[in-house]
Amino acid sequence: ANVCPHIGTPLDQGTVEDGAIVCPLHRSAFDLRTGKLVGPWCPAPPLIGPLTGKLKSPRELKTFQVRTQGGNVQVLLDVNAKKRFDANY
């Protein structure tokens, strides 16, 4: 997902570091493959980040299955859609 599970900060404004997407606001990092929290929850800025982190308990980032085909990236948003698609072809 493109929003941090803490307070909805757009993650496309963050950075990718060591296989994780890092929230630009509070620096929570999430594994790109699994969505699991990597490191501390809301470590920045000092003092304020950890305080705002207490507003919501640590959460994982929602991830989606993806594949590339013919130069395009396909994202599976609905697992039932795949079953319906495969059943028709």
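Scroll up for the structure.
About the cut-offs
- The numbering scheme is per chain: residues are counted from 1 as the chain's sequence reads.
- Predicted model: local features are reported for residues with pLDDT of at least 70 only, side-chain atom pairs are reported and counted for 80 or more only, and whole-chain, interface and lining totals are derived from all residues.
- With hydrogens and water stripped out, all remaining heavy atoms of the structure feed into the side-chain values.
- We count a stretch as a helix when DSSP gives it H or I for four or more residues in a row; a strand needs E for two or more, and each element gets its number in order from the N terminus.
- In this description the radius of gyration comes from C-alpha coordinates, and the expected globular size is given by 2.2 Å times residues to the power 0.38.
- Exposed residues in this analysis have more than 50% of their type's maximum accessible area, buried residues have under 20%, and partly exposed residues fall in between, with area computed by a 1.4 Å probe over protein chains only.
- Residue contacts are counted whenever heavy atoms from the two residues lie within 4.5 Å of one another.
- Per-residue and other accessible areas follow the Shrake-Rupley method at a 1.4 Å probe size, with only the shown protein chains counted as cover for residues.
- His is not counted, nor are the chain ends; Lys and Arg add positive charge and Asp and Glu add negative charge.
- Charge positions are represented by NZ for Lys, CZ for Arg, CG for Asp and CD for Glu.
- A pair of strands is labelled paired if DSSP reports no fewer than 2 bridges between them.

Asker: Help me understand the overall build of the protein chain in this model?
Answerer: The helix and strand tally for the protein chain stands at two helices and six strands. Counting from the amino terminus, the protein chain carries its helices and strands in the arrangement β-β-β-β-α-β-β-α. For the protein chain, whose C-alpha radius of gyration is 16 Å, the value lies well above the compact-globule estimate of 12 Å for 89 residues. In terms of overall dimensions, the protein chain has C-alpha extents of about 55 × 25 × 20 Å along its principal axes. Counting only residues that meet the buried cut, the protein chain has 22% of its 89 residues in that class. Partitioning the intrachain contacts of the protein chain with sequence separation of at least 6 by distance along the chain shows that 25% fall at a separation of at least 24. Within the structure as shown, the protein chain displays about 6,500 Å² of accessible surface, and the carbon and sulfur contribution to it stands at 58%. In the protein chain, 11 positive and 7 negative side-chain charges are present, and the distance between their average locations comes to 7 Å.

Asker: How should I be thinking about the environment of Arg33 in this particular structure?
Answerer: The topology assignment puts Arg33 in the loop between strand 3 (29–31) and strand 4 (37–38). Once the C-alpha coordinates of Arg33 and Leu51 are considered, the two residues, 18 residues apart in sequence, prove to be 28 Å apart.

Asker: Explanation requested: the pairing of strand 5 (residues 65–69) in the structure shown.
Answerer: Successive side chains on a regular strand alternate, one facing one side of the sheet and the next facing the other. The element strand 5 is barely covered by neighbouring structure, given that only zero of its five residues are classed as buried. Here five bridges tie strand 5 to strand 6 (residues 72–76), and the two strands are oriented antiparallel to one another. Residue Val66 lies in a different strand from strand 6, and its bridge partner there is Val75. Linking strand 5 to strand 6, which pair antiparallel, is a turn of two residues; within it Gly70 sits at a positive phi near 60°.

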